[in-house]
Amino acid sequence: MSQYHIKNLEEYFQVYRKSVAQPEIFWEEIAEEHFQWKRKWDKVLSWDFSKPEVSWFQGAQLNITENCIDRHLTHRGDKTAILFEPNDPKEPAEHITYRQLHKRVCQFANVLKEMGVGKGDRVCIYLPMIPELAISVLACARIGAIHSVVFAGFSATALATRINDCDCKMVITADGSFRGPKTIDLKGIVDEALTSCEGVENVLVAQRIHSKISMKEGRDHWLQPLLDNAYKDCVPEAMDAEDPLFILYTSGSTGKPKGMVHTTAGYMVYTAFTFKNVFQYQEDDVYWCTADIGWITGHSYIVYGPLANGATTVMFEGVPTYPDWGRFWEIVQKHKINQFYTAPTAIRALAKENLSYVEKYDLSSLKVLGTVGEPINEEAWHWYNDNIGKKNSPIVDTWWQTETGGILISPIPYATPTIPTFATLPMPGIQPCLMDENGKEISQNPASGRLCIKFPWPSMARTIWGDHGRYRDTYFSAFKNKYFTGDGSLRDQTGYYRITGRVDDVIIVSGHNLGTAPIEDAINEHPAVAESAIVGFPHDIKGNALYGYVILKEVGETRDNDNLRKEINQLITERIGPIAKLDKIQFTPGLPKTRSGKIMRRILRKIAHQDTDNLGDTSTLLNPEVVEAIMKEAL
Ligand code: WT7
């Protein structure tokens, strides 16, 4: 038996027990046997959650791209590493072998170097799902530059905030992107963002849609000619185990986005290990994760985890609806996909359409189906299981976060018996616990409480870029000596976990993590708006949609003010992006507030959920009369 590859439930329990009893030996053996090091570590783990400080494999040196690319060249040089499926099904797919990937990453790395980018510098990547995205990520890692990928659906303002927060000196983008039948002017968005980013010296522009764009002399450079002239080998930089590999922004319940910092060795070991086990990847399998590399799912389970295992990983540029609702299944048939990993929101959207879109295609290659990003409801689970898996492919409901770097709770397919809506059991090395309202750990089963993790794991984020205090306050202050996830969870009689959702002011919309505060800030910028509050309410496809309560400066006839609603959503689109638009906007004379001035969101949530029979305790409200008024006008 190999502890790197768990094959049945008994092995899982055996490996899990060892990972808890002897975590350092467990991870050391895995690191030793399955990766290439330039120098071995002096100490496997040191940690102190009160500071918080965590370091894995201290003293070791490595380069993650050597592990993801170079070491596969001898046996897998001609194997497809990245299989690119374009937006337009008529455009041929591109198979990039490990050998080709090596060359393209080296050339890109050399271009970065020539542009003056070096170890520790931050590079912002704002690209659509084209091969250059994965290649530029790896090129940064090759030379030790810290990549900060910003999802190419974010607005110019959101992009600028992220570029400035970590002082990126370079931006890598494209002329534009294809999205189903539409094109998006990415370079225009970058140009707008850069009017407020002084630190950016160079912009590299990949050509994708061949649109007319403006190139700023001295700052903007077409990528391809530079790549064509670049040398095709590049010695990988020796990185310390704890050197930052990347920054990835995630929304918080308050304030500006948090730049989660992930480091090199632990992240590599953990994402590779979990990829192997959660997807049961076998040598000739073709694996497809439909996420965008702009999110953590893409970083860990399109790029690093699969490539560290020498896998074939699919990158899909398009959307599930183009040219029709059968696109996902057409791709599964075309590339004989073995593992398919997507989000519940996509499943719910697909399940609403006619089954003929599924039945047209041969899905018999599928062996494992995955979901991530939000709780999957029972109906969607069964639709996925019945129609896609034909009751033959186990579903792995994988729970994790941008902050955790890798999957923490998930079934191991063909080993862990699954129950719909349960993420089931912790991965080896993960020690979850449930905490009650008084900060006490709940040990009995069944139970429900706030989900925490008691012991460090290799891929946890180490800090928030530029704000370690915020890192400590957000994750390590609610419960002493524990990492607090922000999620609530149930644990059943057998110890299976079911994630019930956020317990803070983060709302997950279509699998996107949205903080209420930045959206409220955007709304409040409207000259007619005095104050606002956002809550989530259930939505068939998105899981949650956003409901905004808005107080106007001048009270008047507002119920039908659709223009104002449009303007508010326009502002949100500009400040954050279209994903944060509100489905409902109710203009209201006031918001329910406690005596200390805190908005009582619990009540607003109930009204948005149309569940007003029992509003709970309203005695601490300063203005109980406003609740009646809001209920009367509720949408
Ligand atoms: C939040 C993290 C991890 C990559 C995508 C999201 C929710 C995630 C599940 C799941 C129930 C889930 C949690 C978590 N979430 N996976 N399988 N079941 N909820 O990353 O944007 O950092 O969001 O997504 O609420 O805290 P993220």
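Residues numbered from 1 in each chain as written. Predicted model: local features only at pLDDT ≥ 70, side-chain atom pairs only at ≥ 80, totals over all residues. Heavy atoms only, no water.

Looking now at the sheet that holds strand 31 (residues 584-587). As a general point, the strands of a sheet are linked pairwise by backbone hydrogen bonds and lie either parallel or antiparallel. As summarised here, the arrangement of the three strands in space is 29-30-31, forming an open sheet in which the pairing is mixed. The open sheet terminates on both sides in strands that have one partner only, identified here as strand 29 (529-539) and strand 31. For this sheet the average axis-to-axis angle between neighbouring strands, irrespective of direction, equals 20°. The pairing of strand 30 (residues 543-552) with strand 31 spans four bridges and is parallel. Within the sheet, the bridge partner assigned to Val 550 lies in strand 31 and is Phe 587. Those strands touched by helix 17 (residues 516-524) are strand 29 and strand 30, and its axis lies near 135° from that of strand 29. Docked against the sheet, helix 18 (residues 562-575) engages strand 29, strand 30 and strand 31, running at close to 120° with respect to strand 31. (Pairing = 2+ DSSP bridges. Helix = DSSP H or I, 4+ residues; strand = E, 2+ residues; numbered from the N terminus. Axes fitted to C-alpha atoms, helices over the stretch in contact; angles between N-to-C directions. Contact = heavy atoms within 4.5 Å.)

Relative to strand 28 (residues 512-515), strand 27 (residues 506-509) runs antiparallel, the two sharing four bridges. Looking across to strand 28, one finds that Val 506 is bridged to Gly 515. Between strand 27 and strand 28, which follow one another and run antiparallel, lie two residues, and Ser 510 among them has a positive phi close to 50°.

Before going further, it helps to spend a moment on the environment of Glu 625. Summarising the element assignment, Glu 625 is placed in helix 20 (residues 625-632). For Glu 625, a relative accessible area of 55% translates into the label exposed. Here the alpha-carbon distance between Glu 625 and Gly 590, two residues 35 residues apart in the chain, equals 9.4 Å. (Buried < 20%, exposed > 50% of the residue type's maximum accessible area, 1.4 Å probe, protein only.)

This part takes up the site of the ligand. With respect to spatial proximity, 18 residues lie near the ligand, and among them Asp 397, Thr 398, Thr 402, Asp 487 and Arg 502 are the closest. Asp 487 is positioned such that a nitrogen or oxygen atom in its side chain is 2.6 Å from an oxygen atom of the ligand. Within the complex, the protein chains bury 95% of what would otherwise be the 560 Å² of accessible surface of the ligand. Listed by contribution, the elements that provide at least two residues to the shell around the ligand are helix 11 (296-308), strand 20 (395-398) and strand 26 (497-502). (Near = heavy atom within 4 Å. Polar contact = N/O pair within 3.5 Å; in protein donor to acceptor, adjacent residues only side chain to side chain. Areas by Shrake-Rupley, 256 points an atom, 1.4 Å probe, with all protein chains shown as cover.)

Summarising the element assignment, Thr 345 is placed in helix 13 (residues 344-351). Those residues in contact with Thr 345 that sit more than four places away from it in its chain are Glu 374, Ser 510, Gly 511, Ile 541 and Lys 542.

What follows covers the domain arrangement of the protein. Along its sequence, the protein is organised into domain 1 (9-319 + 398-472) and domain 2 (506-633). One C-alpha centre belongs to domain 1, the other to domain 2; they are set 34 Å apart. Both sides of the domain 1 and domain 2 interface together cover about 890 Å² of buried area, and 50% of this is carbon and sulfur. Joining domain 1 to domain 2, the criterion identifies five residue pairs in polar contact (both at pLDDT 80 or more). For the side of domain 1 that touches domain 2, the leading source of residues is helix 7 (residues 156-165), giving three residues. The residue makeup of the side of domain 1 that touches domain 2, split by class, is four nonpolar, nine polar and no charged. (Domains from an automatic or database assignment. Buried area = accessible area lost by both parts, 1.4 Å probe. Nonpolar A, V, L, I, M, F, W, Y, C, P; charged D, E, K, R; others polar.)

This next bit is on the sheet that holds strand 23 (residues 447-453). Ordered in space as 22-21-23-25-26, the five strands form an open sheet in which the pairing is antiparallel. Of all the strands in the sheet, the pair left with one neighbour each is strand 22 (441-442) and strand 26. Bridge analysis of strand 21 (residues 432-435) against strand 22 gives two bridges, and the strand direction is antiparallel. Residue pairing for strand 22: Leu 434 is matched across the bridge by Ile 442.

With that settled, consider the nonpolar core. Counting residues in each nonpolar core, the largest one holds 171 residues, and the members touching the most others are Trp 37, Phe 57, Leu 101, Leu 112, Phe 279, Tyr 304 and Ile 519. Tallying contributions element by element places helix 10 (residues 265-279) first for this core, with 10 residues. Looking at which domains feed residues into this core, each of domain 1 (9-319 + 398-472) and domain 2 (506-633) gives three or more. The residues contacting Phe 279, other than those within four sequence positions of it, are Thr 274, Tyr 287, Tyr 301, Gln 339, Tyr 341, Val 368, Val 396 and Ile 407. Membership of the second largest hydrophobic core comes to 26 residues, among which are Val 286, Trp 288, Phe 340 and Ala 346. (Core = buried A, V, L, I, M, F, W, Y, C linked by side-chain atoms within 4.5 Å.)

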